[in-house]
Amino acid sequence: MMNIVLMGCPGAGKGTQSAKMQEKFHLYHISTGDVLRAEISKGTELGKEIAGIINKGNLVPDSLMISMLENIVKGTDKGIIFDGFPRTVAQAQALDDMMKRLNRKITQVIMITLPEEEIISRITSRRQCKKCGEIYHVDPSAPMQTCKACGGELYTRADDTAERVKHRIEVYHQETLPVKDYYQNSGVYKEVDGHQTPDQVFAEISKVLEEGAK
Ligand code: AP5
Ligand code: MG
């Protein structure tokens, strides 16, 4: 069974590629960012606390993230794509422990690389569907449109302003790049060039996954 960690800077294309991977390889997609945004949209006390953290581009505490994740992992028998998790070395260690407890293991770690100068334009042009989560790349000056898949309303994430993206990139360098070192010598780490069309990126990812499954 495949259990994949999908890494990459903000805007690298983790969500875009996860949607394709989920369909082709019948995987269960967990985006910790989506999990946190779902909690915010419930309007709970916890959601308010989370909004205060992630809308500034900071990371939520490891202990909170890990306990939210474990419940979701326990709820599926499918292979999993972890999109945006782990984001700290402590989370990577906790994930290893959790997978052992659940008799699973991480079979691939895929890092989608992207030149830093591409990040801001990609993110400020992103819209996401409120209803089904579909990700779009739009002309930012055009009026908001509706989702082609479900007709839902498209919105701009609160952490997607140029200033917040800059902060998210700093946090990524400080907290998340060490996770790359954690996995690099594990034998399951692979990099994929994210600076190509989504279909080209997906072809590379598919190759990695198909080779890993042999
Ligand atoms: P999260 O939602 O995970 O945000 P992120 O890591 O910053 O990544 P993004 O979702 O912004 O980008 P993506 O790589 O998914 O790119 P996408 O496919 O959308 O996390 C948000 C926040 O939640 C964090 O800052 C933190 O506060 C908190 N959080 C989350 N996980 C946490 C954790 N584990 N611990 C603690 N806190 C956590 O693509 C982006 C745009 O580019 C789209 O418009 C898309 O259409 C376009 N695009 C995609 N691919 C291509 C391509 N190949 N060519 C051209 N355009 C493309
Ligand atoms: Mg995403």
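Residues numbered from 1 in each chain as written. Chains lettered and ligands numbered in written order. Predicted model: local features only at pLDDT ≥ 70, side-chain atom pairs only at ≥ 80, totals over all residues. Heavy atoms only, no water.

A few words now on the site of ligand 1. Neighbouring ligand 1 are 34 residues, the closest being Thr 16, Asn 58, Arg 87, Arg 126 and Arg 168. Between Tyr 136 and ligand 1, the recorded distance is 3.2 Å, taken from a backbone N or O atom to an oxygen atom. For ligand 1, whose free accessible area comes to 1000 Å², the fraction covered by protein is 93%. Among the elements of the structure, α1 (14-25), α2 (32-42), α6 (116-124) and β6 (135-137) are those that each provide at least two residues to the shell around ligand 1. If you tally residues by element for the shell around ligand 1, the top one is α2, at four residues. (Near = heavy atom within 4 Å. Polar contact = N/O pair within 3.5 Å; in protein donor to acceptor, adjacent residues only side chain to side chain. Areas by Shrake-Rupley, 256 points an atom, 1.4 Å probe, with all protein chains shown as cover. Helix = DSSP H or I, 4+ residues; strand = E, 2+ residues; numbered from the N terminus.)

Right, let's get into the packing of aromatic side chains. Here the structure, examined in full by the defined rule, presents two aromatic pairs. Centroid distance Phe 82 to Phe 85: 6.4 Å. Interplanar angle 45°. Geometry classified as tilted. We note that Phe 82, like Phe 85, is buried. Each ring, one from Tyr 182 and one from Tyr 183, has its centre 5.2 Å from the other, and the planes form 85°; the classification is edge-to-face. According to the relative accessible area criterion, Tyr 182 is partly exposed, its value standing at 28%. (Phe/Tyr/Trp six-rings, centres within 6.5 Å; stacked < 30°, edge-to-face > 60°. Buried < 20%, exposed > 50% of the residue type's maximum accessible area, 1.4 Å probe, protein only.)

To continue, consider the sheet that holds strand β5 (residues 126-129). The sheet built from three strands is open, its strands ordered β6-β5-β7 with antiparallel pairing. Each having just a single partner strand, β6 and β7 (154-155) make up the two edges of the open sheet. For β5 and β6, the ladder comprises three bridges, and the chain directions are antiparallel. The residue of β6 that forms the bridge with Arg 126 is His 137. (Pairing = 2+ DSSP bridges.)

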